[in-house]
Amino acid sequence: MQCMIASIAIELTIRQMVVRSNDTALCDTGRQQMTRWIRFEQDGKPGIGTLEGDTIAVHAGDMFAGATPTGQTLKLSDVRLLTPCDPSKMICLWNNFHQLAAKNDFKEPKEPLWFLKAPNSYWPANKPIQRPATYTGKIIYEGELGVVIGKKCFNISEAKAADYIFGYTCVNDVTAVDLLRKDKSFEQWARSKSFDTFGVFGPVIATGLDPMKLSVRTILNGKERQNYPVADMFFPPHRLVAAISKDVTLMPGDIIACGTSLGAGTMGDAHNVVDIAIDGVGSLSNVFDQVLPSPYLLGAPPRQKKICVVGAGAIGGLLAAKFALAGEDVTVIDQGAHLAAIQKNGLKLEWHDGKVHTAKMKAVNKATEAGKQDIVVLAVKAHFLDQVVRDIDSLLGPDTIVLTVQNGLPWWYFQKLGGQYDNQRLQSLDPSGVLTRYIDPSRIVGCVVYPAAAATAPGVIHHVEGDRFPIGELDGKETERVKELHDVFVKAGLKSMVLGDIRSEIWLKAWGNLSFNPISALTHATLVDICQFAETRELAANMMKEAQDIAQKLGVTFRVSIDKRIAGAEAVGAHKTSMLQDVEAGRSLETEALIGSILEMAKLTNTPAPAIQSVYALVKLLNKVMLLEGGGVKVEKIGKAA
């Protein structure tokens, strides 16, 4: 899929759609010639016309009230496209497709469920969608069919609705999705959907179509993300027009966006090209660049940082390599063959798409050899933290940030929390209190690690999937330093967002870790195996339900359901969890960080957790046996006897 930014590109796209569909089509009112209406600007003056190939037949008058051809023609490449109409309102549907409802356990609506997009959001094809300056979260696309009203109507019947439909267009219902349920007391549909440039539609209005024969496709950066039939709607166009007209007067040019189905998702890359394609209607193409305001939220790329990564294993190594490749002054602290390989050859990072880069960096085995840093990334396993922090003072300057990227709950969970449990020390994670003593909580920024990776050989990190690293201050404030840290991640080609409640995101990740990691360690199964085996899937769900009960007593809310969290793990595929990798390598396990800490919170909140307790006992014993025997456990195929 090529980037269709220039007008010639959209010209070619529309021409192709015309060639494929240059015939008549049966619509609800009988047979009529298929026509593509377009609105444009030339020499600063707006105009309308019909499009045939790359030629516009200019019309005079009102598109919806008998416009007539002037005899003048224009080349598509000589004009600037506008939205094909100027609606008084855009009405958008929620939960209007059977497949999406079934996937998410939504109930079939008894009547259309709709909201409005503000007119300031209207945006044409071929112009870049803009990230709001005030919003740093995820922005998603939703490919949809748009119904264009041709005549004023109010309280009409379904039988007459087709008479009031002028034609159809492509819609991209762009959404600042993190705002939608930001306030638990009020869902902000209009706000999350109505930023400037978020109501994208066009490039044409096609008449003479049977909408029930259409399919909507969304292509993001050359990959098809959505492909669903319009016929799967709960409420097809004529029913939508009739039902909505009972609530509001519909005017010529108003658009009803019919809602979306499976596959809507985040435009998460630095550069995104999104195409909404409907055969017979056209292709709506727009670019979404996250270069502004990031890089960068603060207006310019952050200055070079001195970053020390303590523990260059799977995640620590991935971060060290990405930061170094982005031009940061990186030092890693490690030991053994891994350290020797990095010192000799650099750190090799194999990305999941096959690209391989080698990052050069300073590599030492003692904190005292690294010097003062701007950022210290603690990337060792949680049960090794008490060993590495004893020398951490040699890394800390007055403003050094300490970024924690451990699996499970962090030792600082109750620090700067406020409320009933403020500054409670988690005995399971900091039994001697050394972490609390050596690291001032004012230095700490929390981080949640979503990528999957593995150290496959000394000096080699293999990336499996994912690139998100949400971060947040312990007290939830959006400080300048956390915004700049966000920009350091973005500069390195990674995704990040600054969260006001980092603990809820930590719980969301820990929710899966506490179940999938120990189950995989005990069974040697990959994520997809656990999720597709009925008994272990049920066990994981039971453990997650117990953890959810604990978290909710601490004021934590989960933004996805248990089934969605399990589905997310299943989608990763045949990946070995970090705990299974440790079992195979004979390394000590993160038992307390992943499971014991949650049991400690269960006791603190008087919450029963029998499934978690049972799995914890088994993994703890496995860890003890491995340490006593001095070895790991690995499943290998038995060769046939000679």
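Scroll up to find the structure this text is about.
To start, this report covers the structure provided alongside it. Quick caveat, the model's predicted, so the values are computed rather than measured.

### Brief notes about the side chain of Asp 173
Piece 1. Residue placement: Asp 173 occurs in strand S13 (residues 165-173).
Piece 2. Residue Asp 173 is classed as buried on the basis of its relative accessible area of 0%.
Piece 3. In terms of polar contacts, Asp 173 uses its side chain to reach the side chain of Lys 117, at 2.8 Å.
Piece 4. Apart from the residues lying within four places of it in its own chain, the contact partners of Asp 173 are Cys 92, Phe 115, Lys 117, Ile 140, Tyr 141, Glu 142, Glu 144, Lys 193 and Phe 198.

### Remarks on the pairing of strand S17 (residues 223-229)
Piece 1. By the bridge criterion, six bridges tie strand S16 (residues 215-220) to S17 in an arrangement that is antiparallel. In the strand pairing of S17, Ile 219 is matched with Glu 224.
Piece 2. Hairpin remark: S16 followed by S17, antiparallel, with two residues in the connecting loop; positive phi at Asn 221, about 50°.

### Regarding the nonpolar core
Piece 1. In terms of nonpolar packing, the biggest core is built from 77 residues, with Leu 378, Leu 395, Trp 411, Trp 507, Met 601 and Ile 612 touching the most fellow members.
Piece 2. Those residues in contact with Leu 378 that sit more than four places away from it in its chain are Val 310, Leu 385, Ile 392, Val 402, Leu 403, Thr 404, Val 405, Gln 406, Trp 411 and Ile 439.
Piece 3. Judged by nonpolar contacts, the second largest core, of 52 residues, contains Ile 91, Cys 170, Leu 179 and Phe 198.

### Some remarks on the pairing of strand S20 (residues 271-278)
Piece 1. Most of S20 sits out of view: seven of its eight residues are buried.
Piece 2. Here S16 pairs with S20 via four bridges, running antiparallel. Opposite Leu 220, over in S20, you have Val 274 as the bridge partner.
Piece 3. Where S20 lies against strand S21 (residues 282-289), eight bridges are found, and the strand directions are antiparallel. What sits directly across from Val 273, in S21, is Val 287.
Piece 4. The loop that links S20 with its antiparallel partner S21 comprises three residues; one of these, Gly 280, has a positive phi angle of about 95°.

### Details of helix H15 (residues 562-572)
Piece 1. Every buried residue of H15 is accounted for by Ile 562, Arg 565, Ile 566 and Ala 569. The buried residues of H15 occupy one face: seen down the axis, they fall within an arc of 95°.
Piece 2. The first or second residue beyond H15 is Gly 573, which carries a positive phi of 95°.

### Quick look at the side chain of Ser 261
Piece 1. Examined against the element boundaries, Ser 261 turns out to sit in the loop between strand S18 (255-257) and strand S19 (265-266).
Piece 2. Setting aside residues up to four positions removed in sequence, Ser 261 forms contacts with Phe 97, Gln 99, Leu 100, Gln 226, Tyr 228 and Asp 232.

### Let's talk about the pattern of salt bridges
Piece 1. Inspection of every chain in the model, using the stated rule, returns 22 salt bridges.
Piece 2. Among the salt bridges present, the one from Lys 193 reaches Glu 142, with a minimum N-O distance of 3.1 Å. Residue Lys 193 is located in helix H5 (residues 189-193), and its partner Glu 142 is located in the loop between strand S11 (139-141) and strand S12 (143-149); the two are separated by 51 residues in the primary sequence. Each member of the pair Lys 193 and Glu 142 is classed as buried.
Piece 3. In this structure, Lys 193 engages Asp 173 in a salt bridge whose closest nitrogen and oxygen atoms are separated by 2.9 Å. Taken as a pair, Lys 193 in helix H5 and Asp 173 in strand S13 lie far apart in primary sequence, 20 residues in all.
Piece 4. For Lys 193, a relative accessible area of 2% puts it in the buried group.
Piece 5. Each of Lys 117, Glu 142, Asp 173 and Lys 193 takes part in one network of salt bridges that share partners.

Cut-off values and rules
Residues numbered from 1 in each chain as written. Predicted model: local features only at pLDDT ≥ 70, side-chain atom pairs only at ≥ 80, totals over all residues. Heavy atoms only, no water. Helix = DSSP H or I, 4+ residues; strand = E, 2+ residues; numbered from the N terminus. Buried < 20%, exposed > 50% of the residue type's maximum accessible area, 1.4 Å probe, protein only. Polar contact = N/O pair within 3.5 Å; in protein donor to acceptor, adjacent residues only side chain to side chain. Contact = heavy atoms within 4.5 Å. Pairing = 2+ DSSP bridges. Core = buried A, V, L, I, M, F, W, Y, C linked by side-chain atoms within 4.5 Å. Arc of directions from axis to C-beta. Salt bridge = Lys/Arg side-chain N within 4 Å of Asp/Glu carboxyl O.

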